[in-house]
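Overview (structure and organization)
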Amino acid sequence: MVKECACRIAFTPCLRKLATKANHVLPTGQILKRRFPFTVRRRVPVLLLVAFLGWLTLPVRADDLDDARKLLLTGKYPEAITAAERGVKEEEGSEDWRLLLVQSHMAVGQYSQAHTALTNALGKYPHSSSIRLRFVGRDVKLFNGLPDEAKDFLDEINRLAGSRSWAYRDPANLTALGRAALLLGADPKMVLDRLFEPVKKAAPDNRDIHLAMGQLALDKGDFALAAKIFQDAIKRFKGDADFQFGLARSLMSGSRPQALKALETAMEFNEKHIAGRLLLVDHLVDAEEYEEAEKLLKEVLEVNVNQPEAWAYRAVMAHLRNDKAKEKQFRADALRHYTNNPAVDQLIGRKLSQKYRFAEGAAYQRRALKSDRNFLLAKFQLAQDLLRLGEEDEGWRLVAEVSEADGYDVNAFNLVTLKDTTDKFVALTNAHFILRMEAREAKIYGPRALALLQRAHDTLTAKYGLKLEKRTIVEIYTEQKDFGVRTFGMPDNPGFLGVCFGCLITANSPASSRGSASNWEATLWHEFCHVITLTLTKNKMPRWLSEGISVYEERQASPAWGQVMNPRYREMILGDELTKVGDLSSAFLTAKSDLHLQFAYYESSLVVQFLIEKFGVGKLRAILADLATGKEINQAIVAHTAPLEKVEKDFEAYAKDLAKQLAPGLDFEKPKGIAGMLPGMLGRPPEGTGVVPPATAPEPKPLLDPLKLHPKNFYVLTQTAKKLMAEKKFAEAKEPLQKLIENYPTHTGGDSALWLLALVHRELKETSQERATLTKLAALDADAVDAYLRLMELAAATKDWPVVAENARRYLAVNPLVAQPHRWLARASEELKQPQEAIAAYQTVLLLDPADPAEVHFRLANLFHPTDAKSAKQHVLMALEEAPRFREAHELLLKLPPAEKPAPALELPKP
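Numbering of residues begins from 1 in every chain and follows the order in which that chain's sequence is written. With pLDDT at 70 or above as the cut-off, local features in this predicted model cover only qualifying residues; side-chain atom pairs require 80 or more to be listed or tallied, and sums for whole chains, interfaces and linings still use all residues. Each side-chain value is worked out from all heavy atoms of the structure, with water and hydrogens disregarded.

With respect to the overall build of the protein
- A run of H or I in DSSP becomes a helix once it reaches four residues, and a run of E becomes a strand once it reaches two; helices and strands are each numbered from the N terminus. The secondary structure content of the protein amounts to 47 helices and 5 strands.
- Any residue under 20% of the maximum accessible area for its type is buried, any over 50% is exposed, and the rest in between are partly exposed; the area is computed with a 1.4 Å probe on protein chains only. A buried classification covers 52% of the 911 residues belonging to the protein.
- Contact definition: two residues touch when any of their heavy atoms are within 4.5 Å. Residue pairs at least 24 apart in sequence account for 62% of intrachain contacts in the protein once pairs closer than 6 positions are excluded.

Structural notes on the pattern of salt bridges
- Salt bridges are counted wherever a side-chain nitrogen of Lys or Arg sits within 4 Å of a carboxyl oxygen of Asp or Glu. Under the criterion given, the structure shown has 56 salt bridges.
- In this structure, R448 engages E521 in a salt bridge whose closest nitrogen and oxygen atoms are separated by 2.8 Å. You can see R448 sitting in helix α25 (residues 439-464) and its partner E521 sitting in helix α27 (residues 520-536), a full 73 residues away along the chain.
- For E521, a relative accessible area of 8% translates into the label buried.

Re the packing of aromatic side chains
- Only the six-membered ring of Trp is used, alongside the rings of Phe and Tyr, when aromatic pairs are assigned; centres must lie within 6.5 Å, and planes under 30 degrees apart are stacked while those over 60 apart are edge-to-face, with the rest tilted. For the structure on display, the rule yields 25 aromatic pairs.
- With 5.2 Å between their ring centres and 75° between their planes, F143 and Y338 make a pair best called edge-to-face. One end of the pair, F143, is in the loop between α8 (131-142) and α9 (147-163); the other, Y338, is in the loop between α19 (324-334) and α20 (342-354), with 195 residues separating them in the sequence. Here F143 matches Y338 in class, with each residue buried.

With respect to helix α21 (residues 358-371)
- Its 14 residues place the ends of α21 20 Å apart at the C-alpha level, agreeing with the 20 Å of an ideal helix rising 1.5 Å per residue.
- Residues of α21 that are buried: F358, G361, A362, Y364, Q365, A368 and L369. In a view along the axis of α21, the buried residues occupy a sector of 160°, so they form one face of it.
- Residues of α21 that are buried in the fold lie against α18 (308-320), α19, α20 and α22 (376-388). Given a helix with a known number of residues, its expected span is that number minus one, times 1.5 Å. Directions pointing from the helix axis toward each C-beta atom define the arc.

Overview of the confidence of the model for the protein
- Residues at a pLDDT of 70 or more form 88% of the protein, whose mean pLDDT is 88.
- Under a pLDDT of 50 for its full length, residues 1-11 has, in the predicted model, 35 contacts with residues more than four places off or in other chains.
- Below pLDDT 50 for its whole length, residues 675-697 participates in 29 contacts with residues either more than four positions away or in separate chains. The predictor rates its confidence in each residue with pLDDT, a number between 0 and 100.

Here we look at the environment of Y552
- Topologically, Y552 is positioned in helix α28 (residues 543-557).
- If we ignore the near neighbours within four places in the chain, the residues touching Y552 are K463, S605, V608, Q609 and I612.

A short note on the pairing of strand β3 (residues 472-477)
- In terms of burial, β3 is largely enclosed, as 6 of its 6 residues are buried.
- Side chains of β3 alternate between two faces, with T472, V474 and I476 and I473, E475 and Y477 buried alike.
- By definition, two strands form a pair when at least two bridges between them are found by DSSP. Direction of pairing for strand β2 (residues 433-437) relative to β3: parallel, over a ladder of 4 bridges. Across the sheet, the residue bridging to R436 is E475, located in β3.
- By convention, a crossover is right-handed whenever its connection, traced from the first strand over the helix to the second and viewed with the strands pointing away, goes clockwise. Viewed along the sheet, the connection from β2 through α25 into β3 turns out left-handed.
- Where β3 and strand β5 (residues 504-508) come together, 5 bridges link them in parallel fashion. Bridging across to β5, E475 finds its partner in T506.

Structural notes on the environment of D345
- Inspection of the secondary structure puts D345 in helix α20.
- Excluding anything up to four places from it in sequence, D345 contacts R331, Y364, Q365, R367 and A368.
- A distance of 2.7 Å separates polar atoms of two side chains, one belonging to D345 and the other to R331. Think of a polar contact as two N or O atoms within 3.5 Å of one another; within protein, one of them needs to be a possible hydrogen donor and the other a possible acceptor, and neighboring residues in sequence only count if both atoms come from side chains.

Describing the nonpolar core
- Nine residue types can take part in a nonpolar core, namely buried Ala, Val, Leu, Ile, Met, Phe, Trp, Tyr and Cys, and a core is a set of them joined through side-chain atoms within 4.5 Å. Residues F528, W544, L545, I549, I573, F651 and L737 are the most contacted members of the largest nonpolar core, which totals 140 residues.
- Those residues in contact with L545 that sit more than four places away from it in its chain are V608, L620, I623, L624, L627 and I633.

What to know about the packing of α25 against α27
- For helices, the axis comes from a line fit to the C-alpha atoms of the stretch in contact; other axes are also lines fit to C-alpha atoms, and the angle between any two N-to-C directions lies between 0 and 180 degrees. Put simply, α25 and α27 touch, their axes get as near as 9 Å, and they point 40° apart. Classified by the interaxial angle, the pair formed by α25 and α27 is oblique. Crossing angle aside, the handedness with which α25 passes α27 is right-handed. Of the residues in α27, those touching α25 at Y445, R448, A449, L452, L453, R455, A456, H457, T459, L460, T461 and Y464 are W520, E521, L524, W525, F528, C529, I532 and L536. An angle below 35 degrees is treated as roughly parallel, one above 145 as roughly antiparallel, one from 65 to 115 as roughly perpendicular, and anything else as oblique. For any helix crossing, the convention is left-handed if the near helix is rotated counterclockwise from the far helix by under a right angle, and right-handed if that rotation is clockwise.

Looking at the pairing of strand β1 (residues 426-429)
- Pairing analysis gives 4 bridges linking β1 to β2, with the strands arranged antiparallel. Its bridge partner lying in β2, A427 is registered against R436.

A look at the sheet that holds β3
- Strand order in the open sheet formed by 5 strands is β1-β2-β3-β5-β4, with mixed pairing between adjacent strands. A single partner strand is all that each edge strand has here, and the edge strands are β1 and β4 (498-500). For this sheet, the mean inter-axis angle between neighbouring strands, taken without regard to orientation, is 15°.
- In this sheet, β5 lies alongside β4 in antiparallel orientation, the contact comprising 3 bridges. Its bridge partner being in β5, C500 is matched across the sheet by I505.
- Together, β3, β4 and β5 form the strand contacts of helix α26 (residues 480-488), whose direction differs from that of β5 by roughly 155°.

Side note on α8
- The first and last C-alpha atoms of α8 sit 17 Å apart over 12 residues, in line with the 16 Å expected at 1.5 Å per residue.
- The element α8 is largely enclosed, with a buried count of 10 among its 12 residues.
- When we look at burial in α8, the residues that qualify are I131, R132, L133, R134, F135, V136, G137, V140, K141 and L142.

Section: unusual backbone geometry
- Within the chain, D576 stands out as a residue other than glycine whose phi angle is a positive 65°.
- Residue position: D576 is located in the loop between α29 (567-574) and α30 (584-589).
- Phi angles above zero are rare outside glycine, and D849 is one such case at about 50°.

A word on the side chain of R555
- Tracing the backbone through its elements, the reader meets R555 in helix α28.
- One buried charge, R555, has no salt-bridge partner; the nearest side chain with opposite charge is E613, at 7.7 Å.
- Discounting residues that sit within four places of it in the chain, R555 has contacts with W561, G562, Q563, V564, Y602, S605, L606 and Q609. When charges are counted, neither His nor the chain ends are considered; positive counts come from Lys and Arg and negative counts from Asp and Glu.

A short note on the packing of α25 against α28
- The geometry of α25 relative to α28 is characterised by a closest axis approach of 12 Å and an angle of 115° between their N-to-C directions. For the pair α25 and α28, the sense of crossing is right-handed. Each of L460, K463 and Y464 in α25 lies in contact with α28, whose residues at this interface are I549, Y552, E553 and Q556.
- Lys, Arg, Asp and Glu make up the charged group, whereas Ala, Val, Leu, Ile, Met, Phe, Trp, Tyr, Cys and Pro make up the nonpolar group; the residues left over, Gly among them, are polar. A class-by-class count of the residues in the contact of α25 with α28 yields 4 nonpolar, 1 polar and 2 charged.

Shown next, in the form of structure tokens:
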């Protein structure tokens, strides 16, 4: 949403005068009635006056003009030019035909012809005072190398709006004035409220006003508002490619599959839609589908050989190929007509930054700012790049400048607001890390996080033979929205646990989990592995390889971390849902669901595992070294392993073999309707069907026993066990669960047989069997906090304090912000004669507002008693303050030495 802000740029005086009258928008047919009074001076020849009025009011042939506009909007550009030229000749008084002619020439890159048409139009009365021609003409001047004249056009629009405001109160002119006002630095909210909204209300069928409002929302980064505007317009303007394209742009950062669908629809309406094709090129570059992107660019340049963005995308791909000569040439081609166009360098730099080439991207943003130091898109992207490179002073200064210049830029507004939060962070440091986090959380688990990062550093730098030259910055955010703003520029990006930019890691705190437990230690290990691989490749690696190595290294660090084969992944692999190795990056961008996105991570890790097992970790390191030189990933793989076709074929066989090895004693075929038909298969109507057997009817006999039909079926065994548990037939539930565990002992999660069998044992009071089952689950599942907690309780009952401590630490790796695991760790450490760890744990418990602070203070006093009488006394007194009748605390206080009396003051001799 466009936010109201105290930091505004006011309208220029002339445009402000016009804006105050904008609420009085007149339909086009009423304009002439306001301009000419009914009485006319006699000395004006009546026929001449009639002729003059008749010429002014001569209507444009609407059908012909609409048909010609449709030619332009559907990509029939030569036909549109021909129709517009004919219209100009036949209706010289029509501004619309002349506008259409200029726009049609510009669409195909005929900039000099567009300039000629513009000059001819402005040279004829009444077009000499046309605001619409001047607004369109600004781009004509820029692409003809006349930036001063382009600026003059904006100044003239401002002057005309002040001197002839009565002439520009129709919807078309007010829309053009609003757009010009934005270019002149007018307050966006004022333009929206005083010009755009009144125009839309008075002329809802005016196409340009919807485009202008949607573009304003896009420019300010308010994609949700933009999507709503374009969706509403699509209902009104059927078959309009521009609105489908606008919707695609709105959705591209948040819902790419939907964006691509809108883009496909736009292409159906206009197969030559240049902006739409360029947006698809943008997507293909992200997906590393460079050959397809090049094909599309060739088609774009066949329509408009001078299209600057098309040449800019070619420069991006040349840069990624490490072809400096082509990159330079393509950039020059992009700037051939509009030589100081800052958008060219901004686009090249933005795409490089999206490939994690932040230093290279920043260099291009600085080039853009040399062309136009007020080009805010480049300034903000440069700020983002610098913040991700750790150059924070300049980065935050640029963010502030953008926000001050444009108080309605959502991304800049969010970052400025975030700065207030990050300024309150505390930093924990060592030789290799700067860990920033909220002060309270830093006290609770900051040292643990720093120790984990150090272990990751020591393990992974040694494995990959890398010495990091600078410290890694790690920022942990308690609010998911703050993490989203710091990481993506926008608050709404759920699903991400952490992101690495090279020397900067951003991560969500356990406080932001919102009910979905995840192991934050595994997340930090995963993200630090990105630091290693991005540094080794100088940020020149595809996403799939970076993610694949990180997930693989999670599994190497702990058998409970990382993704492993499961029934759903097995089904996807054997069901031919594997993505070819050469296309894996696209799997992240076009995932059909969250499951498919997670599968992309898992498949990538399997590719890494396959390469290491078949060719060795040395070959993987060699591939990373080649990437650092700029070699393309598929070429690097081939250079150190085998031809890509063979790698892909062998990997597919490897993955399918792993899938088949998952619980080979079980049948994973899903019986039809197993989820809802199991009760019916047993002779009972399924729940929720509304079928109620008669009260006198005998208990129906089972018609079909699914377990007899499918005795080894994973789904039938699981559903049968759950049904028996629901009926409290716990002893009977043990048999299908034990069969599942016997065949699939590594299955984890809330529906796993291990967890369900533990619940069964608990109900049957089989404590030793429950504990044994939970112990197996805890070793395999990094997020099983309920299992960890129950194991702590069971182990404490038998005074097995090492097991208590082990599971307390497991729990803290998921959620360190609750008191229970800290309390268990403290108690176990006391019993294991580890006073320092016990003290630290109890002190953390106090930070978490325990229900019985007196007990915690008393235990701390006991722990401090042998070595630190002062601290012991402090805690025993705090215990008594909480509970004045605490007998044991009084007894301990009596044992503590009294406080030393202060030395008597010296008496000075009297003078």
